[in-house]
Each structure stands twice: as C-alpha cells, then as structure tokens.
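Now for the letters of each chain:
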Amino acid sequence: QVQLVESGGGLVQVGGSLRLSCAASGRGFDDYAMGWFRQAPGKEREFVAAIHRSGSIRYYSNSVKGRFTISRDNAENTVYLQMNSLKPQDTAVYYCTADFWGTGSSSPLDYEYWGQGTQVTVSS
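Because the structure is a prediction, the values reported are computed rather than measured. (Residues numbered from 1 in each chain as written. Predicted model: local features only at pLDDT ≥ 70, side-chain atom pairs only at ≥ 80, totals over all residues. Heavy atoms only, no water.)

A.B. asks: Just give me the short version of the environment of Gly8, but keep the residues and values in it.
C.D. replies: Here Gly8 shows up in the loop between strand 1 (3-7) and strand 2 (10-13). Exposure remark for Gly8: the relative accessible area of 34% places this residue in the partly exposed category. The spatial distance from the C-alpha of Gly8 to the C-alpha of Cys22 is 8.8 Å, given a sequence separation of 14 residues. If we skip the residues at most four places from it in the chain, Gly8 touches Leu18, Arg19, Leu20 and Thr118. (Helix = DSSP H or I, 4+ residues; strand = E, 2+ residues; numbered from the N terminus. Buried < 20%, exposed > 50% of the residue type's maximum accessible area, 1.4 Å probe, protein only. Contact = heavy atoms within 4.5 Å.)

Quick look at the structure:
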C-alpha cells in the first residue's frame, strides 16, 4: 500500500516555473514506477510524465517535452515534476501516481495508486 501526497501547486504567470513534489509513504518506493497526470476542467485525464523505478528512464507527453522534467529521490521517497516555460494550457489539477513494478506507462489504467491532486493555474 502506498499513500501519495502532492504539493507545490499554485498560481504562476505565463513563462514561469513551478516544482511539484509527491511524497510517498509505505514500503518499497523503488518498486514503483511513478507518473504525473493532469486533468483540466471538462477534459479527460492526460498523461504528463513517468519515470522508471530506478530513475534511469523517463517519458514525457509531446505537450510538455522540453519544458518539464520528472525526477525521483528513492532515498527520500519523493518524485518531482519541474515545470518551466508554463503556458495557460498547462492549467490543470496535477496527480501523482504509482505503478507497482511498472516501467513508466502513459496509461492511467496501469497505475494503482493516486494522490489527491494539486492545482496549477497559469495566468496570462
């Protein structure tokens, strides 16, 4: 069992940066691939980024590639999402997810655990 708690969301202007954190409790953090998804009002949940259990492989959606960076600290049981050059279309609730023994899927169906979400609002 893994509990995930996101933090770091907020209001930022276009072109600004935010860093989201996701703290995981429970055992075996490094047994989980970790992902970030987002959901904007009236839209489906969307894959943002994922990272392999070891941190050696990372995946990004085309919409954030080159602007966002996912990383993890297995000693601290934390995964991060550094978001740069933010755009209004990045506005959404961002969710941290965990996939036991996963490799970094882009499908939300592969993730067993979800955080409660953190709001990111990019204003123009």
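Here the narrative resumes.
A.B. asks: Can you tell me about the pairing of strand 3 (residues 18-25), naming the residues and giving the values?
C.D. replies: As defined by bridge partners, strand 1 adjoins strand 3 across five bridges and the pair is classed as antiparallel. The partner of Glu6 across the bridge, within strand 3, is Cys22. The sheet contact formed by strand 3 and strand 8 (residues 78-83) spans six bridges and is antiparallel. Residue Leu20 lies in a different strand from strand 8, and its bridge partner there is Leu81. (Pairing = 2+ DSSP bridges.)

A.B. asks: Go over the nonpolar core with me, naming the residues and quoting the values.
C.D. replies: The biggest cluster of nonpolar side chains holds 29 residues, and the ones touching the most others in it are Leu4, Met34, Trp36, Leu81, Met83 and Tyr94. Those elements that place two or more of their residues in this core are strand 3, strand 4 (32-39), strand 5 (46-51), strand 7 (68-73), strand 8, strand 9 (92-100) and strand 11 (118-123). Residues in contact with Leu81, not counting those within four places in the same chain, are Leu18, Arg19, Leu20, Trp36, Val48, Ala49, Phe68, Thr69, Ile70 and Tyr94. (Core = buried A, V, L, I, M, F, W, Y, C linked by side-chain atoms within 4.5 Å.)

A.B. asks: How would you summarise the pattern of salt bridges if you had to cite specific residues and measurements?
C.D. replies: One pass over the full model with this rule turns up three salt bridges. In this structure, Arg38 and Asp90 form a salt bridge, with 2.9 Å as the shortest nitrogen-oxygen distance. One end of the pair, Arg38, is in strand 4; the other, Asp90, is in the loop between strand 8 and strand 9, and 52 residues separate them in sequence. As far as burial versus exposure is concerned, Arg38 and Asp90 are alike and both buried. Connected via shared salt-bridge partners are Arg38, Glu46, Arg67 and Asp90. (Salt bridge = Lys/Arg side-chain N within 4 Å of Asp/Glu carboxyl O.)

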